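# Architecture and fold: a report
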Amino acid sequence: MIVYRTKNDLSLHLDAIRKSGKSIGLVPTMGALHKGHTSLVEKAAGENGALVVTIFVNPTQFNDPADLEAYPRNLDKDLEILQSMKVDIVFVPSVKEMYPEEDKRSFDLGNLDKVMEGKHRKDHFNGVAQIVSKLFETVKPDRAYFGQKDFQQLIIVRHLVDLLNLDITIVACPIIREVDGLAMSSRNIMLNTEDRNLAPFIHITLQLAREKRGFLAPAEVKSWVISQFENQPRMKLEYFEIVEDKALQHVNDWGEKVNKVGCIAVQLGGVRLIDNLFFD
Ligand code: AMP
């Protein structure tokens, strides 16, 4: 396994790989790796001649400096995991390497970043678009792998590929969960024991909400979810929305011929957790 720190060194290696006719898969991460990440790595390794995993906590997608500061980092352990998975290439750039100067680009993400995460985390998705576009430009992958855990991000990355007219296939990977249903996340280790025990409530509520489809309208399901969190003093519901899976517009009627996704964000003991579930 080779760990690169600079775009230049990485590009030289990738040029040689490309010339040999191998396809390149990319798995971008912010590290503190868990089984959600490794599921992407496994899929990408199986579908490409060469694989690049990136580890970079991207400052421009954090709207809260305290959140950036507190974000879990564990590079030695991450490299051990990737080595044991026989990953060929890891890219671990510094902030200076990715942002030698301030990135002033502003991406037209249409309505996609006006809702849910975009509404609650100002400029978050513009920061995501900045780093993802830089990684795409450096790695020039044939395929890039993103988890459905960050559903809105996945849709926005697809939009970005169209916007920039890139020839990259975005591969969506299913959400990996703990046995109790909690979606795996690097942030889960920041939960104390009490909160960790409460956290599966988020997924359980999504499942129960989905079951209410038979007799409640979408707006009523939303009210029901809000009421469930009112009974949870340690949890603060940031949003729950039922949207269709292309333009992320609200679903008003179950009869609409679209794929429907229930998306949720919750603050639990100062840790921000997101999850989603297809409602079809
Ligand atoms: P992150 O390091 O949180 O930026 O995540 C890197 C990639 O891993 C993103 O595409 C995430 O959607 C994906 N990912 C994170 N957690 C999970 C999970 N529990 N299941 C599937 N994919 C995940």
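Just above sits the structure.
Now for a description of the structure that goes with this document.

### Thoughts on the nonpolar core
Among the nonpolar cores identified, the biggest contains 44 residues, and Val52, Phe136 and Ile170 are the most heavily contacted of them. When residues of this core are assigned to their parent elements, the largest contribution, eight residues, is made by helix H7 (residues 124-139). Here this core spans two domains, since at least three of its residues come from each of domain 1 (2-173) and domain 2 (186-278). Beyond its immediate stretch of four places on either side in the chain, Val52 contacts Leu10, Leu14, Ile24, Gly25, Leu26, Val27, Ile89, Phe91 and Val139.

### What to know about the sheet that holds strand E3 (residues 50-55)
The six strands are arranged E1-E4-E3-E2-E5-E6 in an open sheet whose pairing can be described as parallel. Unpaired on one side and paired on the other, strand E1 (2-4) and strand E6 (169-173) mark the two borders of the sheet. Averaged over neighbouring strand pairs, the angle between their axes works out to 25 degrees when direction is ignored. Bridging between strand E2 (residues 24-29) and strand E5 (residues 143-147) involves two bridges; their strand directions are parallel.

### Quick word on a nonpolar patch on the surface
Among the surface-exposed residues, Leu163, Leu164 and Leu166 lie close enough to one another that they form a single nonpolar patch of about 210 Å² accessible area. Residue position: Leu166 is located in the loop between helix H8 (151-163) and E6.

### Things to note about the pairing of E3
Two faces, one strand: in a regular strand the side chains alternate between the faces of the sheet. For E3, the buried fraction is high: six of the six residues fall into the buried class. Of the two faces of E3, the one carrying Ala50, Val52 and Thr54 and the one carrying Leu51, Val53 and Ile55 are both buried. Strand direction decides the pairing type here: E2 and E3, joined by six bridges, are parallel. Pairing of Thr29 across the sheet is with Ile55, part of E3.

### Considering unusual backbone geometry
For Met116, which is not glycine, the phi torsion reads 50 degrees and is therefore positive. Secondary-structure assignment places Met116 in the loop between helix H5 (95-98) and helix H6 (117-120). At Lys140, a residue that is not glycine, the phi angle is positive and equals roughly 45 degrees. Tracing the backbone shows Lys140 in the loop between H7 and E5.

### Side note on empty space enclosed by the protein
One way to see where empty space is left: roll a probe the size of a water molecule over the atoms. For the coordinates displayed, the defined rule picks out two cavities of 30 Å³ or more. By volume, the largest cavity is sized at about 860 Å³. At the level of secondary structure, the elements contributing two or more residues to the lining of the largest cavity comprise E2, helix H2 (35-47), H7, E5, H8, strand E8 (260-268) and strand E9 (271-278). At six residues, the largest contribution of residues to the lining of the largest cavity is made by H7. By residue class, the composition of the lining of the largest cavity is 24 nonpolar, 17 polar and seven charged. For the lining of the largest cavity, the domains that each give at least three residues are domain 1 (2-173) and domain 2 (186-278). Space inside the second largest cavity adds up to approximately 60 Å³. Lining the second largest cavity are Lys149, Gly181, Leu182, Ala183, Ser185, Asn188, Ala199, Ile202, His203, Leu273, Ile274 and Asp275. Breaking the lining of the second largest cavity down by element, the ones donating at least two residues are helix H10 (200-211) and E9. Sorting elements by how many residues they give to the lining of the second largest cavity places E9 first, with three residues. Looking at the lining of the second largest cavity residue by residue, the classes come out as six nonpolar, four polar and two charged.

Parameters at a glance
Residues numbered from 1 in each chain as written. Predicted model: local features only at pLDDT ≥ 70, side-chain atom pairs only at ≥ 80, totals over all residues. Heavy atoms only, no water. Core = buried A, V, L, I, M, F, W, Y, C linked by side-chain atoms within 4.5 Å. Buried < 20%, exposed > 50% of the residue type's maximum accessible area, 1.4 Å probe, protein only. Helix = DSSP H or I, 4+ residues; strand = E, 2+ residues; numbered from the N terminus. Domains from an automatic or database assignment. Contact = heavy atoms within 4.5 Å. Pairing = 2+ DSSP bridges. Axes fitted to C-alpha atoms, helices over the stretch in contact; angles between N-to-C directions. Patch = residues over 30% accessible without salt bridge, like charges linked within 9 Å, V, L, I, M, F, W, Y side chains within 5 Å. Areas by Shrake-Rupley, 256 points an atom, 1.4 Å probe, with all protein chains shown as cover. Salt bridge = Lys/Arg side-chain N within 4 Å of Asp/Glu carboxyl O. 1 Å grid on protein atoms, 1.4 Å probe; cavity = no way out; pocket = protein on both sides within 12 Å on 5 of 7 lines; lining within 4 Å. Points joined across faces, edges and corners; volume = space filled by probe spheres on them. Nonpolar A, V, L, I, M, F, W, Y, C, P; charged D, E, K, R; others polar.

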